[in-house]
Structures are given as C-alpha cells and as structure tokens.
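# Overview (structure and organization)
Listed below are the residues making up each chain.
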Amino acid sequence: QVQLVQSGGGLVKPGGSLRLSCAASGFIFSDYYMSWVRQAPGKGLEWLSFISTSSAHTNYADAVKGRFTISRDDADNSLYLQMDSLRPEDTAVYYCARGGGSWFDFDFWGQGTLVTVSS
Amino acid sequence: DIQMTQSPSSLSASVGDRVTITCRASQSFFTNLNWYQQKPGKAPKLLIDTVYSLKSGVPSRFSGGMSGTDFTLTINNLQPEDFGVYYCQQSYMTPPTFGQGTKLEIK
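The structure contained in this document is the topic of the report that follows.

Thresholds applied
- Residues numbered from 1 in each chain as written.
- Chains lettered and ligands numbered in written order.
- Predicted model: local features only at pLDDT ≥ 70, side-chain atom pairs only at ≥ 80, totals over all residues.
- Heavy atoms only, no water.
- Helix = DSSP H or I, 4+ residues; strand = E, 2+ residues; numbered from the N terminus.
- Rg over C-alpha atoms; globule rule 2.2 N^0.38 Å.
- Contact = heavy atoms within 4.5 Å.
- Areas by Shrake-Rupley, 256 points an atom, 1.4 Å probe, with all protein chains shown as cover.
- Lys, Arg positive; Asp, Glu negative; His and termini not counted.
- Charge placed at Lys NZ, Arg CZ, Asp CG, Glu CD.
- Buried area = accessible area lost by both parts, 1.4 Å probe.
- Salt bridge = Lys/Arg side-chain N within 4 Å of Asp/Glu carboxyl O.
- Nonpolar A, V, L, I, M, F, W, Y, C, P; charged D, E, K, R; others polar.
- Core = buried A, V, L, I, M, F, W, Y, C linked by side-chain atoms within 4.5 Å.
- Buried < 20%, exposed > 50% of the residue type's maximum accessible area, 1.4 Å probe, protein only.
- Pairing = 2+ DSSP bridges.
- Axes fitted to C-alpha atoms, helices over the stretch in contact; angles between N-to-C directions.
- Disulfide = S-S within 2.5 Å.

Before going further, it helps to examine the overall build of chain A. From N to C terminus, chain A includes zero helices and eleven strands. Each helix and strand of chain A, placed in order from N terminus to C terminus, yields the pattern β-β-β-β-β-β-β-β-β-β-β. Since a compact globule built from 119 residues should have a radius of gyration of about 14 Å, the 13 Å found for chain A is in line with a globular shape. Dimensions of chain A, computed from C-alpha atoms along their principal axes, come out at roughly 40 × 25 × 25 Å. In chain A, the proportion of contacts linking residues at least 24 apart, taken out of those at least 6 apart, comes to 53%. If you sum the accessible surface of chain A, you get close to 5,200 Å²; carbon and sulfur atoms cover 48% of it. The average position of the 9 basic charges and that of the 11 acidic charges among the side chains of chain A differ by 8 Å.

Given below as structure tokens:
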C-alpha cells in the first residue's frame, strides 16, 4: 500500500535551518509529482512547493520562495524540503503529498511533522 | 492566485441529515476541484477529485457538484464518522489553493 513516512521536524530558532524528509513506498515514486503542504496551528492548508518527475521542474509559494528548496532522490524514493532562514510564521505541521491524477490532486499524504520556530 | 471561499465556516447537523458545503472560486476554471476531509491530528484525505469523482473507498453518501464557479460537497444520511473539517481545493493552476475549511460537527 502507498505510504509516505515523514521525519525531520522539531524546534528551531528564528533564522535557523531544518530539513524535512518524506520516504515513499508502495508505488513507483519516480512516476509522480510530489508537493509539500503546511498547516499553521488552528489554520487551513497552504501549498508550499512541488517537484516534477525527474526533478525537471519545481515551483514555490511566494511565502517560501528563496528560503525553501524542494528536492527528490528517486533512487532512494525520498522527497526533501530544505528550510532556511526560518521565521516564527513558518511554525506549522508540514505534510508531503503525492500528486495523483493531476499534479495537484493530493491523493496520498504523509503523517505530518511539526516544525516550531521560536527563540 | 485563485481564491477559494467556503461556506459555511462551521455547521452542526444530526445523524441522518443532509448537509451541503459550498466553495466559490474567484475565477472560472474547468473541473479541477477537489474535496478533502481532515480529522483532528490527522492528514487530509482526498474524498472527491475533478468535482464529481469519488475516490476509492469513500462512501457513496458523499457527492460533488458544480454550477459555474460554485462547487458543492453534499453528504447524504450523515453518519457520526463524518465529523471533521472539509476543504475544497483547486488544482487548475499554480499555486493550488484551498478554501479556508468548513468544520462539521455532529450533534
């Protein structure tokens, strides 16, 4: 069965960095677009970034452009989000999600990982 | 960016009721509209994609509809397990955007 297992969250100071990972199994990872979506405490869902197959294309929400970098390792069936210059407003649960029928039909999600940016 | 506006923001209904959640888009697009259900502490779950298409395993009491830029999620014969927050999302263009959510409480 399809599984996306996340790791790498935690507490970080403003201006710090963190790398999130998402390990995929149960499907041909290299065939799918992947995205990161976050949810601030008590708030709604916010798409952050996607990466296409073969890492040919990436795109970012304005809120994280220039600070976050998405990448993938198809040999290792893994998705990553490198987060730099973190701000308190980046505090959220971060989800990886698979793009199903279209790039942005998020048909499977990771379990989520909490990132807290605080001094 | 396409703005998605959901209504109501919350509702309370009884088992057996029929409930409808509406999502209005700020501009017209085709049928690239999805609905998700999220339960506390859990990841969202895709219920319906492309307006009408029920995902595998989702009960048939869930259905989607559209009229112009207005999209609807209808739940017939509401069940206790249907509580949670429901989000619409457009997948037509980058950035994909979500509605603000509708919290459904079972009386």
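Next, the rest of the story.
Each side of the interface is counted separately: chain A has 17 residues, and chain B has 16 residues. A per-residue breakdown of the area chain A buries against chain B is headed by L45(A), F104(A) and D105(A), which together make up 39% of the total. Linking chain A with chain B are zero salt bridges. Breaking the side of chain A that touches chain B down by element, the ones donating at least two residues are β4 (34-39), β5 (45-51) and β10 (106-109) of chain A. It is β5(A) that contributes the most residues to the side of chain A that touches chain B, four residues altogether. When its residues are assigned to classes, the side of chain A that touches chain B shows eight nonpolar, five polar and four charged.

So, on to the nonpolar core. Judged by nonpolar contacts, the single largest core of 25 residues is most densely connected at W36(A), F68(A), L79(A), L81(A), M83(A) and Y94(A). Elements with a minimum of two residues in this core: β3 (18-25), β4, β5, β7 (68-73), β8 (78-83), β9 (92-99) and β11 (113-117) of chain A. A total of four residues in this core trace back to one element, the largest contributor, which is β3(A). If you look at the next biggest cluster of nonpolar residues, it comprises 24 residues, including I2(B), I75(B), C88(B) and L104(B).

This paragraph deals with the pairing of strand β2 (residues 10-13) of chain B. Residues and elements named next belong to chain B. Covered by surrounding structure in β2 are L11 and A13 only, the residues S10 and S12 on the alternate face being uncovered. Pairing of β2 with strand β11 (residues 102-106) involves four bridges; the strand directions are parallel. When the sheet's bridge partners are listed, A13 is paired in β11 with I106.

On to the sheet that holds strand β1 (residues 4-7) of chain B, then. Residue and element names in this part refer to chain B. If you trace the four strands from one edge of the open sheet to the other, you get β1-β3-β8-β7, paired in antiparallel fashion. Each edge of the sheet is formed by a strand with only one pairing partner; in this case those strands are β1 and β7 (62-67). When strand polarity is set aside, the average angle formed by the axes of neighbouring strands in this sheet is 20°. Relative to strand β8 (residues 70-75), β7 is paired through six bridges, and the arrangement is antiparallel. Its bridge partner being in β8, F62 is matched across the sheet by I75.

Right, let's get into the state of the cysteines. The tally for this structure, following the rule as stated, stands at two disulfides over all chains. Across the disulfide from C22(A) sits C96(A); the S-S distance is 2.1 Å. Here C22(A) and C96(A) share a disulfide; its torsion about the S-S bond, 65°, makes the bridge right-handed. Taken together, the residues span a long stretch of sequence, with C22(A) in strand β3 and C96(A) in strand β9 at a distance of 74 residues. A relative accessible area of 1% means that C22(A) is categorised as buried. Shown here is the disulfide that connects C23(B) with C88(B), its sulfur atoms set 2.0 Å apart. Sign of the S-S torsion, about 65° for the bond between C23(B) and C88(B), identifies this disulfide as right-handed. Separated by 65 residues along the polypeptide, C23(B) in strand β3 (residues 19-25) and C88(B) in strand β9 (residues 84-90) bring together distant segments of the chain.

Just distances and angles here, no functional claims.
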